[in-house]
Amino acid sequence: MTTDTTTFATLNLDPKILRAIDDQGYTTPTPIQAQAIPLVLEGRDLMAGAQTGTGKTAAFTLPLLQKLAPHASTSTSPARHPVRALILTPTRELAIQVEASVKAYGKHLPLRSLVVFGGMEMKAQTAALKLGVEILVATPGRLLDHVEQRSVQLNQVQMLILDEADRMLDMGFMPDLKRILALLPKQRQNLMFSATFSNDIKKLADDFLTDPILIEVARSNAAAENVTQKIYRSAQSDKQALLAQLLRTQNVQTLIFTKTKLTASRLARMLQKEGVAADAIHGDKTQQERMQALDAFKEGRITTLVATDVAARGLDIDQLPMVINYEIPSAAEDYVHRIGRTGRAGASGIAISLVSPEEEKYLKEIEKLIKREIPQEDTPRVQAAPRTERAPRERETSPRQVAAATRKTSDAWFDKPYEPSVSSTATPTDAPRSMSRQKREIPALLGGLKTRTE
Ligand code: AMP
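Per chain, residues are indexed from 1 in the order of the written sequence. Local features in this predicted model are restricted to residues of pLDDT 70 or higher, and side-chain atom pairs are both shown and tallied only at a pLDDT of 80 or more, whereas totals for entire chains, interfaces and linings draw on every residue. Think of the side-chain values as coming from all heavy atoms in the structure, minus any hydrogens and water.

### Some details on the sheet that holds strand β10 (residues 278-281)
Phase 1: Pairs of strands are assigned from DSSP output, requiring at least two bridges between the strands. Starting at the N terminus, helices and strands are each numbered in turn, a helix being any DSSP run of H or I of at least four residues and a strand any DSSP run of E of at least two. As summarised here, the arrangement of the 6 strands in space is β8-β13-β12-β9-β11-β10, forming an open sheet in which the pairing is parallel. Two strands close off the open sheet at either side, each with one partner strand: β8 (227-233) and β10. Taken pair by pair, the neighbouring strands of this sheet meet at an average axis angle of 20°, ignoring direction. Every axis corresponds to a line fitted to the C-alpha atoms, with the helix fit spanning only the stretch in contact, and the corresponding angles, defined between N-to-C directions, vary from 0 to 180 degrees.

### Some words on helix α6 (residues 140-148)
Phase 1: When α6 is considered as a whole, its buried residues turn out to be Pro140, Gly141, Arg142, Leu143, Leu144 and His146.
Phase 2: A contact between two residues is defined here by any heavy atoms of the two lying within 4.5 Å. Check the buried side of α6 and you find it contacts β2 (85-88), β3 (113-116), α5 (122-131), β4 (135-138), α7 (165-170) and α8 (174-183).
Phase 3: Two residues or fewer after α6 comes Arg150, characterised by a positive phi angle close to 60°. Burial classes: relative accessible area under 20% of the type maximum marks a residue as buried, over 50% as exposed, and values in between as partly exposed (1.4 Å probe, protein chains only).

### Let's talk about the sheet that holds β3
Phase 1: Here we have 7 strands laid out as an open sheet, ordered β3-β4-β2-β5-β6-β1-β7, and parallel in their pairing. Looking at the sheet topology across the chains shown, the edges are occupied by β3 and β7 (213-216). Pairs of neighbouring strands in the sheet enclose a mean axial angle of 15°, with direction left out of account.
Phase 2: Pairing between β2 and strand β5 (residues 159-162): 4 bridges, direction parallel. What sits directly across from Ile87, in β5, is Ile161.
Phase 3: Against the sheet, helix α9 (residues 199-208) engages β1 (46-49), β5 and β6 (189-194), with an angle of about 175° to β6.

### Let's talk about the pairing of β10
Phase 1: Going residue by residue along β10, you find Ala278 and Ala280 tucked away on one face and Asp279 and Ile281 tucked away on the opposite face as well.
Phase 2: Inspection of the sheet shows β10 paired to strand β11 (residues 304-307) by 4 bridges, in the parallel sense. Following the sheet pairing, Asp279 is matched in β11 by Leu305.
Phase 3: With the strands aimed away from the viewer, a crossover counts as right-handed if its path from the first strand over the helix to the second runs clockwise. In terms of handedness, the path from β10 via helix α12 (residues 287-298) over to β11 forms a crossover that is right-handed.

### Concerning the nonpolar core
Phase 1: By convention a nonpolar core is built from buried Ala, Val, Leu, Ile, Met, Phe, Trp, Tyr and Cys residues, the set being connected through side-chain atoms within 4.5 Å. By size, the foremost hydrophobic cluster in this structure holds 39 residues, and its most contacted members are Leu62, Leu64, Ile87, Ile135, Ile161, Leu191 and Phe193.
Phase 2: Residues in contact with Ile87, not counting those within four places in the same chain, are Phe60, Leu64, Val98, Val102, Ile135, Leu136, Val137, Ala138 and Ile161.
Phase 3: Grouped together as the second largest cluster of nonpolar side chains are 34 residues, Met47, Leu154, Leu181 and Met192 included.

### Comments concerning the packing of α5 against α6
Phase 1: Remark: α5 packs on α6, axes separated minimally by 11 Å, with the N-to-C direction vectors making an angle of 65°. As the angle between them shows, α5 and α6 are arranged roughly perpendicular. When you trace α5 past α6, the crossing you get is right-handed. Each of Met122, Gln125, Thr126 and Leu129 in α5 lies in contact with α6, whose residues at this interface are Arg142, Asp145 and His146. Put simply, angles under 35 degrees are roughly parallel, angles over 145 are roughly antiparallel, angles from 65 to 115 are roughly perpendicular, and the rest are oblique. Handedness of a helix crossing follows the sense of rotation of the near helix relative to the far helix, less than a right angle counterclockwise being left-handed and clockwise being right-handed.

### Concerning the packing of aromatic side chains
For any pair of aromatic rings, the description rests on two quantities: the centre-to-centre distance and the angle between the ring planes.
Phase 1: Classification of ring pairs uses Phe, Tyr and Trp, with its six-membered ring standing for Trp, and accepts pairs whose centres are within 6.5 Å; under 30 degrees between planes counts as stacked, over 60 as edge-to-face, and the remaining range as tilted. Applying the stated criterion across every chain, the model contains 2 aromatic pairs.
Phase 2: Above the plane of the ring of Tyr326 lies Lys239, whose end atom (NZ or CZ) is 5.8 Å from the centre.
Phase 3: Geometry around Tyr362 places Lys361 over its ring, the cationic atom sitting 4.9 Å from the centre. Cation placement over rings: the criterion is NZ of Lys or CZ of Arg within 6 Å of the ring centroid and within 35° of the ring normal.

### Some details on the confidence of the model for the chain
Low pLDDT means the predicted coordinates in that region are not meant to be read closely.
Phase 1: As a per-residue quantity, pLDDT reports the predictor's confidence and falls between 0 and 100. For the chain, mean pLDDT is 80; residues scoring 70 or higher make up 80% of the total.
Phase 2: For residues 387-429, every residue scores under 50 in pLDDT, and the model assigns this stretch 83 contacts once sequence neighbours within four places are set aside.
Phase 3: In this model, residues 433-454 is a region of pLDDT below 50 whose contacts with residues beyond four sequence positions or in other chains number 51 contacts.

### Details of the pairing of β4
Phase 1: Of the two faces of β4, both are covered, the one formed by Ile135 and Val137 as well as the one formed by Leu136 and Ala138.
Phase 2: The pairing of β2 with β4 spans 4 bridges and is classified as parallel. Bridge assignment links Leu86 to a residue of β4, and that residue is Leu136.
Phase 3: When β3 meets β4, the two strands line up parallel, connected through 4 bridges. Along β4, the bridge assignment pairs Ser113 with Ile135.

### Comments concerning the packing of α6 against α8
A pair of packed helices can be characterised by two numbers: the angle between their axes and the separation between those axes.
Phase 1: Where α6 meets α8, the closest approach of the two axes is 10 Å, and the angle between their N-to-C directions is 45°. By the angle class used here, α6 and α8 are oblique. Considering only the axes of α6 and α8, their crossing is left-handed. Residue-level contacts link Pro140, Gly141, Leu143, Leu144, Val147 and Glu148 of α6 to Asp176, Arg179, Ile180 and Leu183 of α8.

### With respect to unusual backbone geometry
Phase 1: In this structure, Arg150 takes a positive phi of about 60° despite not being glycine.
Phase 2: At Glu164, a residue that is not glycine, the phi angle is positive and equals roughly 50°.
Phase 3: By secondary structure assignment, the location of Glu164 is in the loop between β5 and α7.
Phase 4: For Glu164, a relative accessible area of 4% corresponds to the buried category.

### A short note on helix α15 (residues 360-370)
Phase 1: Taken together, the buried positions of α15 are Tyr362, Leu363, Ile366, Glu367, Leu369 and Ile370. Projected down its long axis, α15 shows its buried positions confined to an angular sector of 160°, all on one face. Those residues of α15 that are exposed and angled more than 90 degrees off the buried face are Lys364 and Lys368.
Phase 2: Looking at the buried residues of α15, the elements they touch are β8, α14 (332-339) and β13 (349-355).
Phase 3: Lys371 sits one or two positions beyond α15 and adopts a positive phi of about 55°. Picture the helix axis, draw a direction to every C-beta atom, and the arc is the one those directions span.

What follows is the structure, encoded as structure tokens:
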């Protein structure tokens, strides 16, 4: 039984792990950590309802490290470093983030970890896998590629963690998950983390967890409490100018969401022309471009990042003050994920949504899901902005971006009425592999278009 007075010291963690927690500057376990850690240490299967920003990564990583600590070995023999824990994530960004946490919390233990994801050369990953790793973080498709190439063996996995399981299902990873699960030993501990509890998620839990304990840190599907949410009603054709004005007046680090890759790119270009230090991340960008843009955003070299839902999954940006929904997601749960990017780990944040008449139906679904009405503010009168020179550091965006920004393009596209299109959902970067390339995209598209109200 855990209480509010739970401390890391009372959780029976190895002193080496406690030292790493201390190095991170954490003083008290978050509620999900206080609940999950003792249960994982007991060996129980878990179905945990926790959004990003609740400290869920440490909730599974800390006890995982504790359980693997007896296997830590300084031997160089690969045989002494079999994969013992497998963490599956839907996107490469989340995979990178999770593995960085594993490294940070396990830095005083001689356990090896590695992250593998699609969109990168296999070679370096294969070489690292062959040396042996105890903790493997992977996106499902790339993991299966490595299995096929025999660069990894999964027959000694004793812990399986499905992170953001709801998103994995949305992205059509179910067939891949089934294939991976068939490769694991039957006797193992399973932890499933999901921001939302749809019927599909409950079914997945029934299929893959053994006598699981259900823990939840907030009401399921609840939007973050410390995020101030508001909406501005606006015609789609006026959003561009309204956005530019909001960015000028708020003048804070902002993550902007669009539904399509195309809109993300065009919006970033438009903002650059307006003198805003902006860049875009979405599924069509190379991994290197995405990392560069993310680093520039984290380091404050750019103030505005435009992202699609899939590209933004797993982003952990400390102290992100504002999220703007330039377009309203058609899947209501994506709204919860989006606004969860701000107001993390107790900080406060603002989430502004620009709602066109065509998007009212999506807003209704969101309000039904979060069980509250989002306050509407008077839409500010948009004033023409003085065109400013771009700051030199904005030119640090990728060459492709600069070329795109200088290409003569018509902005007439922005004035077109909004039309939800089937190509509107970002394609998963590590698409399910049990289908042909063309077919692979279909479940993701359906996932993106589905509006769930649970
Ligand atoms: P997560 O939900 O795992 O994405 O974590 C959200 C953020 O909370 C990350 O930036 C973590 O570094 C931070 N965090 C995790 N656990 C704690 C804690 N016990 N105290 C303070 N911050 C934490």
